[in-house]
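Close look at the chain arrangement
The primary structure of each chain is shown beneath.
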Amino acid sequence: MKQPAGRFLRHLHQWALRLVGVLILLISIAAPLGVVYMFGFPQTPLTLRYLETGYQGLLILMWLALTLRVLLGDRSADGNVRLGRRNRTILIGAYAALTLIAIFNLALRHRWLAPDAFLDTVSAPWLIIATLLIVSFLELARAVSGILSRRVNPSSILAGSFLLIIFVGSGLLMLPNCTYRGLAYADSLFTAASAVCVTGLSTVNMAETFTVTGQVVILILIQIGGLGIMTITSFFGLFFMGQTSLRSQLRLGDLFSSDKMGGLGKTLVKIIVVTFSVEALGAVLLYGVVDGRPEFASGGRTLFFSVFHSVSAFCNAGFSTLPGNLYDPAVRHLWGVPAIVSWLGICGGIGFPIFSNFLSVAGRKAGNIVRFIRRRPLIRRPRQWSLNSYIVLKTTAILVVGAWGYMLVAEWNHSLAEFSFMGKLSQGFLAAVTPRTAGFNGVDMQRMLPATLVLTTVLMWIGGAPQSTAGGIKVTTFYLMMKNVVGTIRGDSAINVRKREIPASSVRRAFAVVGVSSGILVAAVALLAFLEPGQRTADLAFEAVSALSTVGLGSGHTPELGTAAKMVLAVLMFVGRIGIIGILMAVIKPQPDRPYTYPQEDILIN
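Note that this is a predicted model, so its numbers are computed, not measured.

**Remarks on the overall build of the protein**
For the protein, the count of helices and strands is 23 helices and two strands. Taking all 606 residues of the protein together, the buried fraction comes to 48%. Considering only intrachain contacts with a sequence separation of at least 6, the fraction spanning at least 24 residues in the protein is 73%. Counting only carbon and sulfur atoms, one obtains 66% of the accessible surface of the protein, whose full area is about 31,200 Å².

**Topic: the packing of aromatic side chains**
Under the defined criterion, the tally for this structure stands at six aromatic pairs. Each ring, one from Tyr37 and one from Phe41, has its centre 5.3 Å from the other, and the planes form 35°; the classification is tilted. Given the relative accessible area of 31%, Phe41 is considered partly exposed. Site record: aromatic cluster; members linked through ring pairs are Trp343, Trp404 and Phe429. Seen from the ring of Tyr390, Arg498 lies directly overhead, with NZ or CZ sitting 4.8 Å from the centre.

**Let's talk about unusual backbone geometry**
Although it is not a glycine, Arg375 sits at a positive phi angle of roughly 60°. Position of Arg375 relative to the elements: it lies in the loop between α15 (352-373) and α16 (387-411). Looking at Arg375, the relative accessible area reads 79%, which means it is exposed.

**Remarks on the pattern of salt bridges**
Opposite charge on two side chains allows them to pair when their charged atoms are near. On inspection of all chains with the given rule, the structure shows three salt bridges. Between Lys566 and Asp187 there is a salt bridge; the shortest N-O distance is 2.8 Å. One end of the pair, Lys566, is in helix α22 (residues 563-578); the other, Asp187, is in helix α7 (residues 185-196), with 379 residues separating them in the sequence. Both residues of the pair, Lys566 and Asp187, count as buried. Between Asp539 and Arg536 there is a salt bridge, and its shortest N-O distance comes to 3.0 Å. The class for Asp539 is buried, based on a relative accessible area of 13%.

**Things to note about the side chain of Arg577**
Among the structural elements, Arg577 can be located in helix α22. Buried Arg577, no salt bridge; nearest opposite-charge side chain is Glu279, N-O distance 11 Å. Polar side-chain contacts of Arg577 include one of 2.6 Å to the backbone oxygen of Gly225. Aside from chain neighbours lying at most four places away, what touches Arg577 is Phe162, Val196, Cys197, Val198, Gly225, Gly226, Ser468 and Thr550.

**Looking at the confidence of the model for the protein**
With 84% of its residues at a pLDDT of 70 or more, the protein has an overall mean of 82. For the protein, helix α11 (residues 246-255) is the element with the lowest average pLDDT, namely 50, and helix α17 (residues 421-433) is the one with the highest, namely 93. Here residues 241-246 scores under 50 on pLDDT; set against residues more than four positions off or in separate chains, the count is 15 contacts. Ignoring residues within four places in sequence, the model shows residues 254-259, a span with pLDDT below 50, making 13 contacts including any to other chains.

**Considerations on a positive patch on the surface**
On the surface, a cluster of positive charge is made up of Arg383, Arg498, Lys499 and Arg500. Residue position: Arg498 is located in the loop between β1 (496-497) and β2 (500-501). For Arg498, a relative accessible area of 33% corresponds to the partly exposed category.

**Some points on the nonpolar core**
By size, the foremost hydrophobic cluster in this structure holds 106 residues, and its most contacted members are Ile218, Ile222, Phe319, Val331, Val337, Val341 and Met573. When residues of this core are assigned to their parent elements, the largest contribution, nine residues, is made by α22. When neighbours within four sequence positions are excluded, Val337 is seen to be in contact with Leu286, Val289, Val290, Leu326 and Val331. One finds Met38, Trp63, Ile101 and Val135 within the second-largest nonpolar core, a separate group that totals 24 residues.

**Points about α17**
Relative to the 18 Å expected for 13 residues at 1.5 Å per residue, α17 spans 18 Å between its end C-alpha atoms, a close match to the ideal helical length. Most of α17 is tucked away: ten of the 13 residues are buried. Looking only at α17, the buried set comprises Gly423, Lys424, Ser426, Gln427, Gly428, Phe429, Leu430, Ala431, Ala432 and Val433. Buried-residue contacts for α17 involve α14 (336-350), α16 and α18 (450-462).

**A few points about the packing of α15 against α16**
For the pair α15 and α16, the least separation of the axes is 9 Å and the interaxial angle reads 105°. When the axes of α15 and α16 are compared, the pair comes out roughly perpendicular. Note on element contacts: α16 touches α15 through Asn388, Ser389, Val392 and Leu393, opposite Pro353, Ile354 and Asn357. Considered class by class, the residues forming the contact of α15 with α16 number four nonpolar, three polar and no charged.

**Let's talk about α15**
Taking 1.5 Å of rise per residue, 22 residues should cover 32 Å, and α15 covers 31 Å from first to last C-alpha, within 8% of that figure. Three or more residues of α15 are buried, namely Phe352, Ile354, Phe355, Asn357, Val361 and Asn368.

**Here we look at the packing of α18 against helix α21 (residues 537-548)**
When two helices pack together, you describe them by how their axes are tilted relative to each other and by the distance separating the axes. α21 packs onto α18 with a crossing angle of 25° between their chain directions and a minimal axis gap of 8 Å. Comparing the axis directions of α18 and α21 gives the class roughly parallel. Once α18 is placed against α21, the crossing between them reads as left-handed. The residues of α21 that touch α18, namely those facing Leu453, Thr456, Thr457, Met460 and Trp461, are Phe542, Val545 and Ser546.

What counts and how
Residues numbered from 1 in each chain as written. Predicted model: local features only at pLDDT ≥ 70, side-chain atom pairs only at ≥ 80, totals over all residues. Heavy atoms only, no water. Helix = DSSP H or I, 4+ residues; strand = E, 2+ residues; numbered from the N terminus. Buried < 20%, exposed > 50% of the residue type's maximum accessible area, 1.4 Å probe, protein only. Contact = heavy atoms within 4.5 Å. Areas by Shrake-Rupley, 256 points an atom, 1.4 Å probe, with all protein chains shown as cover. Phe/Tyr/Trp six-rings, centres within 6.5 Å; stacked < 30°, edge-to-face > 60°. Lys NZ or Arg CZ within 6 Å of the ring centre and 35° of its normal. Salt bridge = Lys/Arg side-chain N within 4 Å of Asp/Glu carboxyl O. Lys, Arg positive; Asp, Glu negative; His and termini not counted. Polar contact = N/O pair within 3.5 Å; in protein donor to acceptor, adjacent residues only side chain to side chain. pLDDT = per-residue confidence, 0-100. Patch = residues over 30% accessible without salt bridge, like charges linked within 9 Å, V, L, I, M, F, W, Y side chains within 5 Å. Charge placed at Lys NZ, Arg CZ, Asp CG, Glu CD. Core = buried A, V, L, I, M, F, W, Y, C linked by side-chain atoms within 4.5 Å. Expected span 1.5 Å × (residues − 1). Axes fitted to C-alpha atoms, helices over the stretch in contact; angles between N-to-C directions. Parallel < 35°, antiparallel > 145°, perpendicular 65-115°, else oblique. Nonpolar A, V, L, I, M, F, W, Y, C, P; charged D, E, K, R; others polar. Left-handed = near helix turned anticlockwise from the far one by under 90°.

In structure tokens:
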């Protein structure tokens, strides 16, 4: 009789744990939904009071559920992994803070304690909501670790995450408080896809359509899409799975194309810290340029403008809160704005691996300067720059400087004619940088020469660096393609760069990206021409390249397109953000390596 009784108790214990886990998950979902309702719909004092009471109840219910889970035996999301000491300390601290706030709120509700300044602060609605949101976010991230620990294709996880956040964002933008006069769902879905895929194409005028609340939603979508959904979720998933989980290391290594088994957590932290640091610096610089201008009379508007455009520029999104983008009269002749935006776009477009390599080299150079001052021997380190950094920085510099020179020569008396000398230099630089997926428009594109529009299209197609916020086929792909063409003409048997041989698999991958990208563009332009027979094919091609390369520059005809054409562009933005190879890997099952090879036979290629 003891065995059945013990089995029954174990089943009862597991059932209780599952029930508590479901309750915690439901509360974690209900908490952000309440915030959505609070800010997305018009509120009266009565409804606000009901919401505050509801959040107090959710807070106490969450505390009771977490306490019950602790009493039943707390476990991490993966039962085979133990949390590290630091991670467990953070969780215990969050639970302790939740406990104190819940107990003090219970004491005030039942009048066990007399109100005072401290208790009024602890029971403040904003603190209750913030605490509940933090705990809910940690619990949702805890659930993410369960997904990452399963045998799921990383490309499928990435594509599914982007799709989920796009549909959630489209729903948020439909809320009454997000727009001035309402919005069709097709336009809401297009805007959300453009923001999450950091593109910048829009079917509506953002300044005239979206309220400050709607613009904040778009800003959050841009940040999530630019930083990377999997960067955020993987950071918290790794937090709960622990550094010692081999499966977690493999899963995150696949997601970030990393062959290092250790230090992924530190890498994720560096990505987040560098992103927010650069965006903060950009916001400060932009604030200094526009502060005091008549168009930015209030400090709040100036600050929001600076933060929004800094995030949008670093994430290469191209969205602007101004009706005319950066060609708007409010900033058109402030040459500091396009200059700052251009450098933010370059920083976001080169990718974190190159940014990290640059910071490492700069730190070592600074260390040698200090050693020189102290008259100590310098430390010589061979090959400080990685091959990937060398290719990205070299190709980026050639494309930017070459395009900048062309813009100044060709457009000096055309689209740049209205600006001062410094304005021409700054706007020309922006026009050279922005096609490589930044998407901001600082000049009248209708006055650009046809040859300039062709060059802009090519730059959009090339894009930025891998593992960056930029799109396109990527500069490394373009570099390998050109090297292979030159090497084939010379008769070279392999591609060598800086005394390193590029693997044949990388060359095949590069040409696969070029081939698939070209095929998608041809099919998309043909479909758009069929759906929009009244539009010029050249304009539709420009829109298609801009969407697939997640640039955001438009010919001005995007709002005129029908719903079907808008959805075609939305799909192109999604494919461009996930990556062409990533999409193929998500839908095509990889074949195992064959332990044999077939005989070779040449074919004729002229």
